[in-house]
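If you want the building blocks of each chain, they are given just below.
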Amino acid sequence: MKKIFATIAAIVLAAGAAFAQDMAELTEVYNSAAALLQEENKAGALENFNKAVIMAEAIGDEAADILSECKGIIPKLSLSMAKDLVKAGDFDAAVLNLDYVAKVAEKYDDFDTMGEATGLIPQVLKQKGATQIKDKDYAGAVDTYNKILADDPADGVSALRLGSALSALGKTEEAISAFETAAANGQDAQANKQIGTIFLKKASANLKEKKYADAVENALKSNEYAANPQALQIAGQASQLAGKNADAIKYLSQYLEAAPTAKNAGQIAYTVGALYQNAKNNAKAKEFYSKALSDPKYGPEAKKLIDTLK
């Protein structure tokens, strides 16, 4: 990567005093940069390599070898320094430095380093976003993931994390939009689950607020995005409280099909039995009362009702 240049006597003899002095100074600066690099003083080395480029360009063809060496070192050294910033967690400075690396590498025709630097920028931003979410800096994470998606709208993972940050901030509609983008770009299972959770929370809040129609609507939306027995239970409870017993029977029966071993299965079966009994459908009432017989609380009463309906 680096080599030490010597001031050759032949050059000195062939050139004028001023030229010889310029070459000597250039050689000294370059050798100083190389020594600093060996000592892992990357900042000092980079400063001297850049200074050597300016001096070599001013001298001309006679300094071509040193100029070529510097142009080969500077992009790679700058990239190494940017990676050090990533390791230190200084993501903003790292992104700025990677952008500089890409520009200087392109200027010096080091296209491999340019490509690596350009490719690292979104990775660094993703690390920054993940750290922000871990630290509960959700507003910062939203800004970071929006930057990533501005450059790559099809980044499903970043859209998923953006949705999570927005959801944590209570921006549910924006979160749903982000999750839908994630679902459309390979993250459908996780994204739909998150959307389902959002609608489930809405349904639960609606039920507490006695907004039964909204509770049913949001519960069913939740179940459409991600099958969830709890959503069916809320839809059934809200329908029952709204006096829509046929709907309550439908949704609570679906709940029992989805969660037959749930802790409250006996209670729900007893409720469905009572709803059928009120509807004068004794056969169905007995069927669901029978499903409640093993429940310690509702079983004894269910047995009495079954005997009554004989």
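Since the structure is predicted, the reported quantities are computational estimates derived from the model, not experimental observations.

A. Here's a closer look at the pattern of salt bridges. Applying the stated criterion across every chain yields a total of 13 salt bridges. In this structure, Lys103 and Asp99 form a salt bridge, with 2.6 Å as the shortest nitrogen-oxygen distance. Taken together, the residues span about one helical turn, with Lys103 and Asp99 both in helix α5 (residues 91-107) at a distance of four residues. With a closest N to O distance of 3.6 Å, Glu209 and Lys211 form a salt bridge.

B. Just the packing of helix α4 (residues 64-87) against α5, in detail. Two elements in contact, α4 and α5, have axes whose closest approach is 8 Å; the angle formed by their N-to-C orientations is 165°. Our classification of the angle between α4 and α5 gives roughly antiparallel. Taken as a pair, α4 and α5 cross one another with a handedness that is left-handed. Contacts between α4 and α5 involve Ile74, Pro75, Ser78, Leu79, Ala82, Leu85 and Val86 on the former and, on the latter, Phe91, Ala93, Ala94, Asn97, Leu98, Tyr100, Val101, Val104 and Ala105. Broken down by class, the residue content of the contact of α4 with α5 amounts to 14 nonpolar, two polar and no charged.

C. Focus on unusual backbone geometry. In the Ramachandran plot, Lys136 falls in the positive-phi region, its phi being about 65° despite a non-glycine side chain. Its place among the elements puts Lys136 in the loop between α6 (111-134) and α7 (138-151). Residues other than glycine seldom take positive phi values, yet Lys210 does so here, at roughly 60°.

D. Seen up close, the nonpolar core. Core analysis: the biggest nonpolar cluster contains 33 residues, and Leu79, Leu98, Ala117, Val124, Leu162, Leu166 and Phe179 have the highest contact counts within it. Those elements giving two or more residues to this core turn out to be α4, α5, α6, α7, α8 (156-168), α9 (172-183) and α10 (188-208). The residues contacting Leu166, other than those within four sequence positions of it, are Val142, Lys171, Glu174, Ala175 and Ala178. Counting residues in hydrophobic clusters, the runner-up holds 26 residues, among them Met23, Leu37, Ile74 and Val104.

E. Spatial organisation of α9. Between its first and last C-alpha atoms α9 spans 16 Å; for 12 residues at 1.5 Å apiece the expected length is 16 Å, and the two agree. Buried within α9 we find Ala175, Ile176, Ala178, Phe179 and Ala182. Relative to the axis of α9, the buried residues are bounded by an arc of 165° and lie together on one face. In the core, the buried residues of α9 are packed alongside α8 and α10.

F. Summary view of the side chain of Ser158. Tracing the backbone shows Ser158 in helix α8. Beyond its immediate sequence surroundings of up to four residues, Ser158 is in contact with Lys126, Tyr145, Ile148 and Leu149.

G. The arrangement of the packing of aromatic side chains in detail. Taken as a whole and judged by the stated rule, the model has five aromatic pairs. Consider the rings of Tyr30 and Phe49, whose centres lie 5.6 Å apart with planes at 65°: the pair is edge-to-face. Here the residue Tyr30 occupies a position in helix α2 (residues 17-38), and Phe49 occupies one in helix α3 (residues 42-59), the gap between them amounting to 19 residues. Taken individually, Tyr30 and Phe49 each receive the classification buried, so the pair is uniform in this respect. Considering the side-chain rings of Tyr270 and Tyr298, the 5.3 Å spacing of their centres and the 40° angle between planes classify their relative orientation as tilted. Separated by 28 residues along the polypeptide, Tyr270 in helix α14 (residues 265-278) and Tyr298 in the loop between α15 (282-291) and α16 (299-308) bring together distant segments of the chain. Note on accessibility: Tyr270 and Tyr298 belong to one class, buried. By the ring-pair criterion, three or more aromatic residues cluster together here, those being Tyr270, Tyr289 and Tyr298. The ring of Phe288 carries the charged tip of Lys291 above its face, separated from the ring centre by 4.3 Å.

Procedures and definitions
Residues numbered from 1 in each chain as written. Predicted model: local features only at pLDDT ≥ 70, side-chain atom pairs only at ≥ 80, totals over all residues. Heavy atoms only, no water. Salt bridge = Lys/Arg side-chain N within 4 Å of Asp/Glu carboxyl O. Helix = DSSP H or I, 4+ residues; strand = E, 2+ residues; numbered from the N terminus. Axes fitted to C-alpha atoms, helices over the stretch in contact; angles between N-to-C directions. Parallel < 35°, antiparallel > 145°, perpendicular 65-115°, else oblique. Left-handed = near helix turned anticlockwise from the far one by under 90°. Contact = heavy atoms within 4.5 Å. Nonpolar A, V, L, I, M, F, W, Y, C, P; charged D, E, K, R; others polar. Core = buried A, V, L, I, M, F, W, Y, C linked by side-chain atoms within 4.5 Å. Buried < 20%, exposed > 50% of the residue type's maximum accessible area, 1.4 Å probe, protein only. Expected span 1.5 Å × (residues − 1). Arc of directions from axis to C-beta. Phe/Tyr/Trp six-rings, centres within 6.5 Å; stacked < 30°, edge-to-face > 60°. Lys NZ or Arg CZ within 6 Å of the ring centre and 35° of its normal.

Interpretation note: all reported values are geometric properties and have no functional meaning in isolation.
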